[in-house]
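Each chain, written out:
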Amino acid sequence: MFILGIESSCDDTAAAVVEDGVKILSNVISSQNEFHRKYGGVVPEIASRKHVELILYVIDEALNKAGITLKDPEAIAVTHKPGLVGSLLVGVSAAKALAYSQRKPLIAVNHIEAHAYANFMEHSDLEVPHLNLTVSGGHTLLLYIQSPTEHEVIGGTLDDAAGEAYDKIAKFLNLGFPGGPIIDRLAKSGDPKAIDFPRPLLNSGDYNFSFSGLKTAVTYYVKEAKSQGRDLREEDLLASFQQAVVDVLVTKLLKAAEERQVSTVTLSGGVAANSLLRKILSEKGTELGLKVVYPRLELCTDNAATIAGLAYHLFKKGLRSGLELSAEANLEL
Ligand code: KG4
Ligand code: ZN
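These remarks concern the structure in this document. Since this is a predicted model, take the numbers as computed values, not measurements.

Definitions and limits used
Residues numbered from 1 in each chain as written. Chains lettered and ligands numbered in written order. Predicted model: local features only at pLDDT ≥ 70, side-chain atom pairs only at ≥ 80, totals over all residues. Heavy atoms only, no water. Phe/Tyr/Trp six-rings, centres within 6.5 Å; stacked < 30°, edge-to-face > 60°. Helix = DSSP H or I, 4+ residues; strand = E, 2+ residues; numbered from the N terminus. Buried < 20%, exposed > 50% of the residue type's maximum accessible area, 1.4 Å probe, protein only. Lys NZ or Arg CZ within 6 Å of the ring centre and 35° of its normal.

Moving on to the packing of aromatic side chains. Under the criterion given, the structure shown has four aromatic pairs. Summarising the aromatic geometry, the rings of Tyr117 and Phe120 are spaced 5.8 Å apart at their centres and angled 20 degrees between planes, so their arrangement reads as stacked. With a gap of three residues between them, Tyr117 and Phe120 both fall in helix H4 (residues 111-122), about one helical turn apart. Residue class for Tyr117 comes out buried when judged on its relative accessible area of 2%. Between the aromatic rings of Phe209 and Phe211, the centroid separation amounts to 6.2 Å while the plane-to-plane angle is 15 degrees, which identifies the pairing as stacked. Residue placement shows Arg320 over the ring face of Phe315; its charged tip is 3.8 Å from the ring centre.

Take a look at the structure:
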């Protein structure tokens, strides 16, 4: 069964065709990074306008690459929350128009659940229950996953998302956008022990996160070093920041795995592409006898293949949306 998936929750315009929830026939992503770069972050108004310009071409390309026509998918799936409302609305409107004109069922998909689902697409033998850490530019969530469509939120960020901290620090240092991959690369030649940045909420006894204070600690450190005329090696600063982020993420994920007695942990979301996070989680997880799983890079960042993939399971459960479906900015899982 083919499903056409559409994703436009932030600044990537994406469409994909997936068969039976796992087989990716096409996965087209048009990144808007070049339009947001000079602002150092996503500008919501620009994002929604670009989605309007791009969405039909992206859908067309996804169908062409999959070698099918609009008549072939059995359902149209779309991200309807959470995200930037103006961006979400473009995808939701396109999906509704297609569902109506082609008389196909419409399936609403939660963007975060689709991030977590990426691991099911990648690993057919993925064990449940397991713990998932979804870390992106908009979210940092710990989920106890019981099946592709059932889970419990056991923790989340109280302020900035992990990716947001990367992006804001990169903006502060004029490094470029998005900041995550740039900092990841530069930090490789830095000393992670050079600066002892705080590990927020590391021992809070719950599974919540906070990255806003860490971001502020980094900016204060830079300002102070400059005002005192001290030499500052940028790579050391970035490596130390990244080590602090990864320490908190890995510690909390592993603690939760122990408490919930699962034997598998998964990563997803844009920050799951981070090389240090993957390395440390794999090392520490393996030491504890855990299976550590993460998706390939193109399924970590925003894409429509995971939307179409998860929609297959929602479809099988009988979930359908009506044409009154609307976009929602908030996160409710
Ligand atoms: O999942 P995603 O594409 O979009 C959201 O739903 O937010 O995640 C984008 C985020 C950005 O903040 C970006 O800086 C971060 O993921 N990111 C990374 C890396 N690659 C992308 N963060 C750290 N290390 C990376 N290698
Ligand atoms: Zn995302």
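Having seen the structure, we can now continue with the description.
A few words now on unusual backbone geometry. Negative phi values dominate among residues other than glycine, just as trans dominates among peptide bonds. Geometrically, the link from Val128 to Pro129 is a cis peptide bond, its omega value of -5 degrees lying close to zero. Mapped onto the fold, Pro129 is located in the loop between H4 and strand S6 (130-135). Cis peptide bonds are those with omega within 30 degrees of zero, and the linkage from Phe177 to Pro178 qualifies with -10 degrees. Looking at the element boundaries, Pro178 is found in the loop between helix H5 (162-172) and helix H6 (179-187). Here the phi dihedral of Asp20 falls at roughly 50 degrees; this positive angle occurs in a residue that is not glycine. Assignment of secondary structure puts Asp20 in the loop between strand S2 (12-19) and strand S3 (23-31). By relative accessible area, Asp20 is classed as partly exposed at 35%. In this structure, Asn174 takes a positive phi of about 55 degrees despite not being glycine. Mapping Asn174 onto the fold places it in the loop between H5 and H6.

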